[in-house]
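Architecture and fold: a report
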Amino acid sequence: MAIPTDALYSLVADPFNLHAVRQVFLAKGREAQRSLPLLVPDATAAEDLLKEVPVRYYVLARRFWPGPLTIILPARRKCR
């Protein structure tokens, strides 16, 4: 599916559907070693996906979300 972003459209898929994710990689011509971003609805929803949740994560998320802030953290093993 394509969704509008600030500047253009972006291809998205259910991150837990490996076939759909593979199709996004193919459509974009993206190398397998380059991960795709994962969008979450709020700070709490991301907790189950993270390897560890630092205090700084909560401070930043509460202060800037919703809004144009990207937080990059290691995923749990089951999410890779």
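We now turn to the structure provided with this report.

In terms of helices and strands, the chain carries three helices and two strands. Secondary structure elements of the chain, listed N to C terminal, follow the sequence β-β-α-α-α. By residue count, 14% of the 80 residues in the chain fall in the buried class. The long-range fraction of contacts in the chain, counting pairs at least 24 apart against all pairs at least 6 apart in sequence, stands at 22%. Put simply, the chain shows about 6800 Å² of open surface, and 57% of that area lies on carbon and sulfur atoms. For the chain, the centre of its 12 positive side-chain charges and the centre of its 7 negative side-chain charges are spaced 6 Å apart.

Two side chains carrying opposite charge are able to pair once their charged atoms lie near each other. Tallied over the entire structure, the rule returns one salt bridge. Close ionic contact of Arg-34 with Glu-31 constitutes a salt bridge, the shortest N to O distance being 3.8 Å. Note on Arg-34: relative accessible area 43%, which makes it partly exposed.

Let's shift gears to the environment of Ala-2. Structurally, Ala-2 can be placed in strand E1 (residues 2-4). Judged by relative accessible area, Ala-2 falls into the partly exposed class, the value being 45%.

Attention now moves to unusual backbone geometry. In the segment running from Trp-65 into Pro-66, the intervening peptide bond is cis, with an omega of -5 degrees. As for its position among the elements, Pro-66 is in the segment after helix H3 (55-64).

To continue, consider the side chain of Arg-30. Note on placement: Arg-30 falls in the loop between helix H1 (18-28) and helix H2 (43-47). Notably, Arg-30 is buried but unbridged: the nearest opposite-charge side chain belongs to Glu-31, and the N-O separation is 6.2 Å. Separated by 3.3 Å, the side chain of Arg-30 and the backbone oxygen of Arg-34 make a polar contact. In this view, Arg-30 contacts Phe-25, Ser-35 and Leu-36; residues no more than four positions away in its chain are not counted.

Rules used throughout
Residues numbered from 1 in each chain as written. Predicted model: local features only at pLDDT ≥ 70, side-chain atom pairs only at ≥ 80, totals over all residues. Heavy atoms only, no water. Helix = DSSP H or I, 4+ residues; strand = E, 2+ residues; numbered from the N terminus. Buried < 20%, exposed > 50% of the residue type's maximum accessible area, 1.4 Å probe, protein only. Contact = heavy atoms within 4.5 Å. Areas by Shrake-Rupley, 256 points an atom, 1.4 Å probe, with all protein chains shown as cover. Lys, Arg positive; Asp, Glu negative; His and termini not counted. Charge placed at Lys NZ, Arg CZ, Asp CG, Glu CD. Salt bridge = Lys/Arg side-chain N within 4 Å of Asp/Glu carboxyl O. Polar contact = N/O pair within 3.5 Å; in protein donor to acceptor, adjacent residues only side chain to side chain.

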